Amino acid sequence: MVRRNFNALPGFGLTMGFTLFYLSAIVLFPMGALLLRATGVGWHEFWEVAFAPRAVAAYKLTFAASFVAACINAVFGSILAWVLVRYHFRGKRVIDALVDIPFALPTAVAGLTLANLFNQNGWLWQFFAPFGIKTAYSEIGVVIALTFVSMPFIVRTLQPVIEGLEREVEEAAATLGAGRFRTFIKVVAPTLAPTLVTGFALSFARAVGEYGSVIFISSNMQFKTEITPLVIISMLEQYEYGAAISIAVVLLIISFVMLIVINFLERWASRYQT
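Residues numbered from 1 in each chain as written. Predicted model: local features only at pLDDT ≥ 70, side-chain atom pairs only at ≥ 80, totals over all residues. Heavy atoms only, no water.

A. View of the overall build of the protein. Regarding its fold elements, the protein presents 12 helices and zero strands. When the helices and strands of the protein are read in sequence order from the N terminus, they spell out α-α-α-α-α-α-α-α-α-α-α-α. Dimensions of the protein along its principal axes, counting C-alpha atoms only, are 70 × 65 × 30 Å. The contacts of the protein with a sequence gap of at least 6 include a subset with a gap of at least 24, amounting to 75%. (Helix = DSSP H or I, 4+ residues; strand = E, 2+ residues; numbered from the N terminus. Contact = heavy atoms within 4.5 Å.)

B. Fine view of the nonpolar core. Tyr59 and Ile247 are the most contacted members of the largest nonpolar core, which totals 39 residues. Those elements giving two or more residues to this core turn out to be helix 2 (43–50), helix 3 (53–86), helix 7 (139–164), helix 9 (180–208), helix 11 (228–237) and helix 12 (241–273). Apart from residues no more than four positions distant in its own chain, Ile247 is found in contact with Val49, Ala50, Ala55, Tyr59, Thr228, Val231, Ile232 and Met235. The next biggest cluster of nonpolar side chains, apart from the first, holds 18 residues, and it includes Val143, Ile144, Leu146 and Leu230. (Core = buried A, V, L, I, M, F, W, Y, C linked by side-chain atoms within 4.5 Å. Buried < 20%, exposed > 50% of the residue type's maximum accessible area, 1.4 Å probe, protein only.)

C. Quick look at the side chain of Ser78. Position of Ser78 among the secondary structure elements: in helix 3. Taking the relative accessible area as the measure of exposure, Ser78 reaches 19% and is therefore buried. Looking at Ser78, its side chain comes within polar contact range of the main-chain oxygen of Ala74, at 2.4 Å. When neighbours within four sequence positions are excluded, Ser78 is seen to be in contact with Asn73, Ile154, Leu158 and Leu196. (Polar contact = N/O pair within 3.5 Å; in protein donor to acceptor, adjacent residues only side chain to side chain.)

D. Seen up close, the layout of surface pockets. One number sums up the size of the largest pocket: a volume of about 860 Å³. Around the largest pocket sit 30 residues that line it, and Trp82, Phe184, Val188, Ala189 and Leu192 are the ones nearest its centre. Contributions of two or more residues to the lining of the largest pocket are made by helix 3, helix 7, helix 8 (167–175), helix 9 and helix 12. Residue contributions to the lining of the largest pocket peak at 12 residues, all from helix 9. Across the lining of the largest pocket, the residue classes tally to 22 nonpolar, three polar and five charged. Empty space within the second largest pocket amounts to approximately 250 Å³. Surrounding the second largest pocket, Met31, Leu34, Ala205, Val208, Gly209, Ala248, Leu251, Leu252, Ser255, Phe256 and Leu259 form its lining. Among the secondary structure elements, those contributing two or more residues to the lining of the second largest pocket are helix 1 (12–38), helix 9 and helix 12. Along the lines of polarity and charge, the residues of the lining of the second largest pocket split into nine nonpolar, two polar and no charged. (1 Å grid on protein atoms, 1.4 Å probe; cavity = no way out; pocket = protein on both sides within 12 Å on 5 of 7 lines; lining within 4 Å. Points joined across faces, edges and corners; volume = space filled by probe spheres on them. Nonpolar A, V, L, I, M, F, W, Y, C, P; charged D, E, K, R; others polar.)

E. Molecular detail of helix 6 (residues 107–118). Over its 12 residues, helix 6 extends 16 Å from the first C-alpha to the last, a length consistent with the 16 Å expected when each residue adds 1.5 Å. Taken together, the buried positions of helix 6 are Ala110, Gly111, Leu114, Ala115 and Phe118. Taken end-on, helix 6 shows its buried residues confined to a sector of 130°, consistent with a single buried face. Where helix 6 is buried, its residues meet helix 7 and helix 10 (214–217). (Expected span 1.5 Å × (residues − 1). Arc of directions from axis to C-beta.)

F. Structural context of the packing of aromatic side chains. Following the criterion strictly, the structure yields 10 aromatic pairs and no others. On the numbers, 5.9 Å between centres and 40° between planes, the contact of Trp43 with Trp47 is tilted. Note that Trp43 and Trp47 are positioned in helix 2 at a spacing of four residues, about one turn of the helix. A relative accessible area of 49% means that Trp47 is categorised as partly exposed. For the pair Trp123 and Phe127, a centre-to-centre distance of 5.9 Å together with 90° between the ring planes defines the contact as edge-to-face. Put simply, the rings of Trp43, Phe46, Trp47 and Phe51 pair up and form one aromatic cluster. (Phe/Tyr/Trp six-rings, centres within 6.5 Å; stacked < 30°, edge-to-face > 60°.)

G. Spotlight on the environment of Ile162. Summarising the element assignment, Ile162 is placed in helix 7. Looking at Ile162, the relative accessible area reads 2%, which means it is buried. Measuring from C-alpha to C-alpha, the distance between Ile162 and Ala81 comes to 7.8 Å, with 81 residues separating the pair along the chain. Apart from residues lying up to four places away in sequence, Ile162 is in contact with Ala81, Trp82, Val85, Arg86 and Leu192.

H. Fine view of the packing of helix 3 against helix 7. The N-to-C vectors of helix 3 and helix 7 enclose an angle of 40°; their axes lie 6 Å apart at closest approach. The pairing of helix 3 with helix 7 is recorded here as oblique in orientation. When you trace helix 3 past helix 7, the crossing you get is right-handed. (Axes fitted to C-alpha atoms, helices over the stretch in contact; angles between N-to-C directions. Parallel < 35°, antiparallel > 145°, perpendicular 65-115°, else oblique. Left-handed = near helix turned anticlockwise from the far one by under 90°.)

Laid out in structure tokens, this is it:
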């Protein structure tokens with residue numbers, strides 16, 4: 001007698017149908033409507049608006065700042081996740097709860113707070129002033145805001161994997177003469193690599209779409225500190241719907257391509273792990 005695995009949910013057909021319906025209603029239909037609306041814009045007008053100097057400058061700042069923010073979070077977020085999992089100290093639960101603040105805090109409030117802390121009269125600016133670094137109302141301010149809002153994705157993605165690491169393997173490597181650095185490179189890093197790439201992708205994607213916190217800490221100057229979502233909002237406020245849709249489509253395509261690349265990197269890291 002063949003024993004079938006028990007499944008608490010209904011059959012595949014019903015659950016798969018609901019999955020496709022939910023995914024279509026939330027993701028595919030809005031994206032399809034955007035692409036369909038973009039077909040109403042002439043190709044010449046689309047190219048002229050989507051790749052205007054102002055839009056190109058916004059693309060460069062948005063993706064460059066998001067990439068830098070994701071890289072910063074990949075390094076320091078990994079250290080934070082490791083400390084929260086591997087060490088026990090007073091105030092650990094408080095620090096662990098603070099990681100979720102960017103999730104719960106409205107982005108506008110975060111932007112106002114960061115702007116007040118990093119402007120020329122702010123408390124944190126004094127640490128950058130001796131080096132002549134301008135933080136708020138500059139490109140650095142954009143990176144600071146994007147780093148803040150996307151930080152939890154790295155930490156929360158890595159924590160379960162670090163908790164599942166077998167310390168016996170690390171101890172075995174140490175008994176065989178491997179130092180801490182070699183143990184980390186040969187034992188820990190290959191296991192964390194796929195999850196770290198996933199967290200990086202989530203952090204990067206979150207930063208690309210950020211709007212509220214950035215507009216308060218950047219000067220929103222065209223060709224310098226203006227991000228792509230702000231350009232889209234400006235076009236909508238001027239009732240230039242075709243221009244806004246054109247820029248949104250370019251942003252969607254670039255984001256989609258970059259996520260595909262990151263997905264391939266994640267698969268490569270998984271093969272390297274095995």
